[in-house]
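# Breakdown of the fold
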Amino acid sequence: MSETNVDVRPLRDFVVNFTRLIEAAPTEAVILEKGRTLLARLIARDDWLAEDFTRPHPEHYRQYLLHCDPLERFSVVSFVWGPGQKTPVHNHTVWGLIGVLRGSEAAIRFRRGTTGRLEQAGEREVLRQGAIDAVSPTIGDIHEVSNNEPEQTSVSIHVYGANIGAVGREVYDLASGQSKPFVSGYSSTSVPNLWDRSAEERLDQN
Ligand code: FE
């Protein structure tokens, strides 16, 4: 795997600060509020994500694991969307924060209606570079996300309250309202190396 020359410090700082936030065992509302600020800072610049984690697939969106907390209390994932690509309608079962790093995405939210069918909740929402969205079973957990760019790749950074690739979730068929079990997994077998701090150490020695 080629590691392009990027500055991983913003991602490392984000992981460290998010670990501190989670370590304080806050409520979901506090995680979403403070986590939003941390994620906004991370996606305010676009010089820290190696190219390996930004490559689209010709047919479907990709999700690259960037970090998983050792106790699986949170995970950080880069979602990469080629033109025309979208998720099925799906849930998360845990809190999630979504920040757009590159391009733009469109999200449509759904809720269970009284008949058991899924109904659209609110307008199709476009999230542009720098925008942040949140999901959870308490604030609305079912949505469909697509690349809003007709000819460009979009990249978003997601944070979830679990090792999201291994969480048992559901995808939904809109016409029938039926759900199917779903475990997303990850598109990658390696994560960015955040921990080679030798350059800083060598500088300190001089
Ligand atoms: Fe989602």
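The coordinates are above.
Residues numbered from 1 in each chain as written. Predicted model: local features only at pLDDT ≥ 70, side-chain atom pairs only at ≥ 80, totals over all residues. Heavy atoms only, no water.

### As for the pattern of salt bridges
In a structure, side chains of opposite charge can pair up when their charged atoms sit close to one another. Applying the stated criterion to the full structure yields 13 salt bridges. Salt-bridge contacts for Glu23 lead to Arg73; the nearest nitrogen and oxygen are separated by 3.0 Å. Linking Glu23 in helix 1 (residues 9-23) with Arg73 in the loop between strand 1 (62-68) and strand 2 (75-81), this pair joins segments that are 50 residues apart in sequence. Here Glu23 falls in the exposed class, since its relative accessible area comes to 53%. Relative accessible area serves as the criterion here: at 25%, Arg73 is assigned to the partly exposed category. (Salt bridge = Lys/Arg side-chain N within 4 Å of Asp/Glu carboxyl O. Helix = DSSP H or I, 4+ residues; strand = E, 2+ residues; numbered from the N terminus. Buried < 20%, exposed > 50% of the residue type's maximum accessible area, 1.4 Å probe, protein only.)

### Quick look at the coordination of the iron ion
Any two of four tetrahedral donors ideally make an angle of 109.5 degrees at the metal, while pairs among six octahedral donors ideally make 90 or 180 degrees. The protein atoms that coordinate the iron ion are His90 (NE2), His92 (NE2) and His143 (NE2), at distances spanning 2.1 to 2.2 Å. For the iron ion, the donor residues sit on a single chain with the sequence spacing H-x1-H-x50-H. The exposure class of His90 is buried, given its relative accessible area of 8%. A relative accessible area of 1% places His92 in the buried class. (Donors = N, O, S within 2.8 Å, 3.2 Å for Na, K, Ca; no water.)

### Topic: the packing of aromatic side chains
In this structure the tally under the stated criterion is seven aromatic pairs. Each ring, one from Tyr61 and one from Phe79, has its centre 5.9 Å from the other, and the planes form 15°; the classification is stacked. Linking Tyr61 in the loop between helix 2 (28-43) and strand 1 with Phe79 in strand 2, this pair joins segments that are 18 residues apart in sequence. By the burial criterion, Tyr61 is buried, and Phe79 matches it. A network of ring pairs unites the aromatic residues Phe14, Phe18, Phe74 and Trp95 as a single cluster. (Phe/Tyr/Trp six-rings, centres within 6.5 Å; stacked < 30°, edge-to-face > 60°.)

From the geometry alone we can't say anything about function, so treat these as descriptive.
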